[in-house]
Amino acid sequence: MSQQAATATQAPVSRPDSAKSGSGHTGHLDQPDALKRDQFTISDLSNEFGVTARALRFYEDEGLIAPERIGLSRIYSRRDRARLAWIMRAKNVGFSLAEIRDMIDLYDMGDGRAEQRRVTLAKCRERIESMRRQQADLAATIEELTSFVDLVIAKERSEGRNPDI
């Protein structure tokens, strides 16, 4: 086994409690690798991020991550890990893969990620506004349904029936 492959097969990093409990992955953007590794196996990243190897291969096929190949093994870099963290966080808040690609591909512009941050902020603000509109629509629908239920219950009671049965 090569030195790179041996380094990459160190013990996997355990996932944070939030990922274990199924409450959603936060992306580890602010949490570096606990073992300070430069390389990761597909198992390392699968375990850490709570994704399947198939999902990682899909992200590779989509050009979102680009692991090095050593024989049949994929060896992921810190950059791949950071990109995966970005992907997971963006997916968790509802961005499409196309939107994620648009944001993540701005990383390499050589401007200290200023454009990436600007675009990401704009997309996040758009998403927040969209969700606020959805929230208002849901609140109006709930109010309408509640009013309708109250009307039906009142009618049932006025006719001597118990609507709770």
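It is worth spelling out the pattern of salt bridges at this point. Scanning the model with the defined rule gives 13 salt bridges in all. The residue aspartate 44 makes a salt bridge to arginine 37 at a minimum N-O spacing of 3.1 Å. Arginine 37 shares its class with aspartate 44; the two are buried. Sharing partners across several salt bridges, the network here consists of Lys155, Glu156, Glu159 and Arg161.

Now for the sheet that holds strand β2 (residues 68-70). If you trace the three strands from one edge of the open sheet to the other, you get β1-β3-β2, paired in antiparallel fashion. Looking at the sheet topology across the chains shown, the edges are occupied by β1 (39-41) and β2. Each strand axis lies, on average, 40° off the axis of its neighbour in the sheet, ignoring direction. Bridge analysis of β2 against strand β3 (residues 73-77) gives three bridges, and the strand direction is antiparallel. Looking across to β3, one finds that glutamate 68 is bridged to isoleucine 75. Helix-sheet contacts for helix α5 (residues 78-92) involve β1 and β3, and the interaxial angle to β3 is about 80°.

Another aspect to go through is unusual backbone geometry. One non-glycine residue, arginine 113, lies in the positive phi region at around 70°. You can call arginine 113 partly exposed: its relative accessible area is 32%.

The contact between α5 and helix α6 (residues 97-104) brings their axes to 10 Å, and the two run at 140°. Overall, the two elements α5 and α6 adopt an arrangement that is oblique. The way α5 lies across α6 gives a crossing that is right-handed. Residues Arg83, Trp86, Ile87, Ala90 and Lys91 of α5 pack against Ile100, Met103 and Ile104 of α6. Residue composition of the contact of α5 with α6, by class: six nonpolar, no polar and two charged.

Put simply, the protein chain has an average pLDDT of 83, and 79% of its residues get 70 or more. Segment residues 1-27 is flagged for pLDDT under 50; beyond a separation of four residues in sequence, or across chains, it makes 53 contacts in the model.

Thresholds applied
Residues numbered from 1 in each chain as written. Predicted model: local features only at pLDDT ≥ 70, side-chain atom pairs only at ≥ 80, totals over all residues. Heavy atoms only, no water. Salt bridge = Lys/Arg side-chain N within 4 Å of Asp/Glu carboxyl O. Buried < 20%, exposed > 50% of the residue type's maximum accessible area, 1.4 Å probe, protein only. Pairing = 2+ DSSP bridges. Helix = DSSP H or I, 4+ residues; strand = E, 2+ residues; numbered from the N terminus. Axes fitted to C-alpha atoms, helices over the stretch in contact; angles between N-to-C directions. Contact = heavy atoms within 4.5 Å. Parallel < 35°, antiparallel > 145°, perpendicular 65-115°, else oblique. Left-handed = near helix turned anticlockwise from the far one by under 90°. Nonpolar A, V, L, I, M, F, W, Y, C, P; charged D, E, K, R; others polar. pLDDT = per-residue confidence, 0-100.

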